[in-house]
Amino acid sequence: MNNKFHSGFIAILGRPNVGKSTFLNRIIGQKIAIMSDKAQTTRNKIQGIYTTDDAQIVFIDTPGIHKPQSRLGDFMVESALSTLNEVDAVIFMVNAEQKRGRGDDFIIERLKNVKKPIYLAINKIDRIHPDHLLEVMDDYRGALDFKDVFPISALQGNNCQEFIDTLIKDLPEGPQYYPTDQVTDHPERFIAGELIREKVLELTREEVPHSVAVVVDRIKRRDEGKILIQATIIVERASQKGIIIGKGGKMLKTIGVKARKDIELMMGDKVYLELWVKVMPNWKDRQIDLRSLGYKQ
Ligand code: GDP
Ligand code: K
Ligand code: MG
């Protein structure tokens, strides 16, 4: 019997939409990183904490590394790269359906300087024929000195537990950093905002998503066990405000109902959600606004 406690911080890197958030949510078993089929859904580092009797892994879900297109993009890339010096291991996740491309090579170049164990996770194997897997593996062989390679399906769970068991076995002996019942270090306020933003991404048209931020203005616990949450959805143009509010306020109502259900699940209490929509032109390129929205440290 080996009673030593293993622990450490592991960053998850990969192009947008390869399934990083889906994997994290599967492992942690609660919805903490929002998911969608649109790139750049994750804007902040989100830690998911996985704890067992003899191990703890603190996962860092990074925004996708990509060529920056705005100051927000810049911040996202910086944020992803800066984590690499602080972690014990790195998971480089790729999509089994896609050929290795420039986006992957951009990340591989940066990982060449990382002296920590790097694991290749080939995700979405539920979408490919098993014969194709060897080709994908060949594609990445020699790109980096991988400690191990795991084909997985984050969506269906295939091979995920085996992957976790290996990560734990390889982690050094260490302390339990967070209490057993803690699954993330982000405050409820942040997650509530992310859940609202997720519904906006899910329900609105293509032109809206990348222009949206959500600020939770107030969380107030009421006596009857009900929580009042007031939040503002921020967009760049009046036309986007119109889309989010919808005909007769219908869209905003749908966003509110769906977000409220998820927030209730997270908080374990009844929630009363009040949403406003505000136009802030070019907030993505305004340093000061980024800071007030929580995207700058
Ligand atoms: P991220 O940008 O890397 O965090 O990617 P997400 O976790 O947001 O996932 C992007 C999209 O891929 C979502 O629509 C997911 O449902 C989908 N997805 C993630 N993992 C898998 C998988 O293992 N199989 C399939 N078929 N889809 C997946
Ligand atoms: K995504
Ligand atoms: Mg993500």
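Residues numbered from 1 in each chain as written. Chains lettered and ligands numbered in written order. Predicted model: local features only at pLDDT ≥ 70, side-chain atom pairs only at ≥ 80, totals over all residues.

- Looking up the protein in an unreviewed UniProt entry gives the name GTPase Era, with the organism given as Ligilactobacillus ruminis.
- Under Sequence similarities (unreviewed entry), UniProt gives the following word-for-word description of the protein: "Belongs to the TRAFAC class TrmE-Era-EngA-EngB-Septin-like GTPase superfamily. Era GTPase family." (UniProt positions renumbered as here; feature names shortened; annotations may be inferred.)

## With respect to the overall build of the protein
Here comes step 1: Within the protein, the regular secondary structure consists of nine helices and nine strands.
Here comes step 2: Taken across its 297 residues, the protein has 33% of its residues classed as buried.
Here comes step 3: In the protein, of all internal contacts separated by at least 6 residues, the share reaching a separation of at least 24 is 70%. (Helix = DSSP H or I, 4+ residues; strand = E, 2+ residues; numbered from the N terminus. Buried ≥ 20, exposed ≤ 12 C-beta atoms within 10 Å, placed from the backbone. Contact = placed C-beta atoms within 7 Å.)

## Notes on the confidence of the model for the protein
Here comes step 1: The predicted model of the protein averages 82 in pLDDT, with 77% of residues at 70 or higher.
Here comes step 2: By mean pLDDT, the top-scoring element of the protein is strand β5 (residues 118-123) (98), and the lowest-scoring one is helix α9 (residues 287-292) (50). (pLDDT = per-residue confidence, 0-100.)

## Regarding unusual backbone geometry
The phi torsion of most residues other than glycine is negative, and most of the peptide bonds are trans.
Here comes step 1: Of note in this structure, K124 is not a glycine but carries a positive phi near 70°.
Here comes step 2: Secondary-structure assignment places K124 in the loop between β5 and α4 (130-140).
Here comes step 3: The backbone phi angle of N159 is positive, close to 70°, even though this residue is not glycine.
Here comes step 4: Looking at where N159 falls in the secondary structure, it is placed in the loop between β6 (148-151) and α5 (160-170).

## Brief notes about the nonpolar core
Here comes step 1: Counting residues in each nonpolar core, the largest one holds 36 residues, and the members touching the most others are I12, I91, F92, M93 and A121.
Here comes step 2: Put simply, the parts of the chain that give this core at least two residues each are β1 (6-14), α1 (20-28), β3 (55-61), β4 (89-95), β5 and α5.
Here comes step 3: The residues contacting A121, other than those within four sequence positions of it, are I91, M93, F150, I152 and F163.
Here comes step 4: Counting 21 residues, the second-largest nonpolar core is a separate cluster that includes I191, A213, I229 and I263. (Core = buried A, V, L, I, M, F, W, Y, C linked by C-beta atoms within 7 Å.)

## Section: the environment of A192
Here comes step 1: Looking at the secondary structure, you find A192 in helix α6 (residues 188-203).
Here comes step 2: On the basis of neighbour count, A192 is assigned to the buried category, with 24 C-beta atoms found within 10 Å.
Here comes step 3: As a C-alpha pair, A192 and R260 span 68 residues in sequence and 8.8 Å in three-dimensional space.
Here comes step 4: Once residues lying within four places of it in the same chain are set aside, the contact partners of A192 are V216, I229 and I263.

## Describing the sheet that holds strand β8 (residues 226-235)
Here comes step 1: Strand order in this open sheet of three strands is β7-β8-β9, and the pairing throughout is mixed. Two strands bound the open sheet, and with one partner strand each, they are β7 (213-221) and β9 (270-279). Averaged over all neighbouring strand pairs, the angle between strand axes comes to 20°, with direction disregarded.
Here comes step 2: Strand contacts of α6: β7 and β8, with the helix running at about 130° to β7, the strand carrying the most contacts. (Pairing = 2+ DSSP bridges. Axes fitted to C-alpha atoms, helices over the stretch in contact; angles between N-to-C directions.)

## Some words on the packing of α6 against helix α8 (residues 250-267)
Here comes step 1: Following both chains from N to C, one finds α6 and α8 inclined at 140°, their axes separated by 9 Å at the closest point. By the criterion of interaxial angle, the relationship of α6 to α8 is oblique. With respect to the hand of their crossing, α6 and α8 are arranged in right-handed fashion. Contacts between α6 and α8 involve E188, I191, A192, L195, I196, K199, V200 and L203 from the first element and M251, T254, I255, K258, A259, D262, I263, M266 and M267 from the second.
Here comes step 2: The residue inventory of the contact of α6 with α8, partitioned by class, reads twelve nonpolar, one polar and four charged. (Parallel < 35°, antiparallel > 145°, perpendicular 65-115°, else oblique. Left-handed = near helix turned anticlockwise from the far one by under 90°. Nonpolar A, V, L, I, M, F, W, Y, C, P; charged D, E, K, R; others polar.)

## A few points about α8
Here comes step 1: Here α8 spans 26 Å end to end across 18 residues, near enough to the 26 Å set by a 1.5 Å rise per residue.
Here comes step 2: The set of residues buried in α8 consists of L252, I255, A259, R260 and I263. Buried residues of α8 fall within an arc of 130° about the axis and therefore sit on the same side. Facing away from the buried side of α8, by more than 90 degrees, are the exposed residues K250, V257 and L265.
Here comes step 3: In the core, the buried residues of α8 are packed alongside α6, β8, α7 (238-245) and β9. (Expected span 1.5 Å × (residues − 1). Arc of directions from axis to C-beta.)

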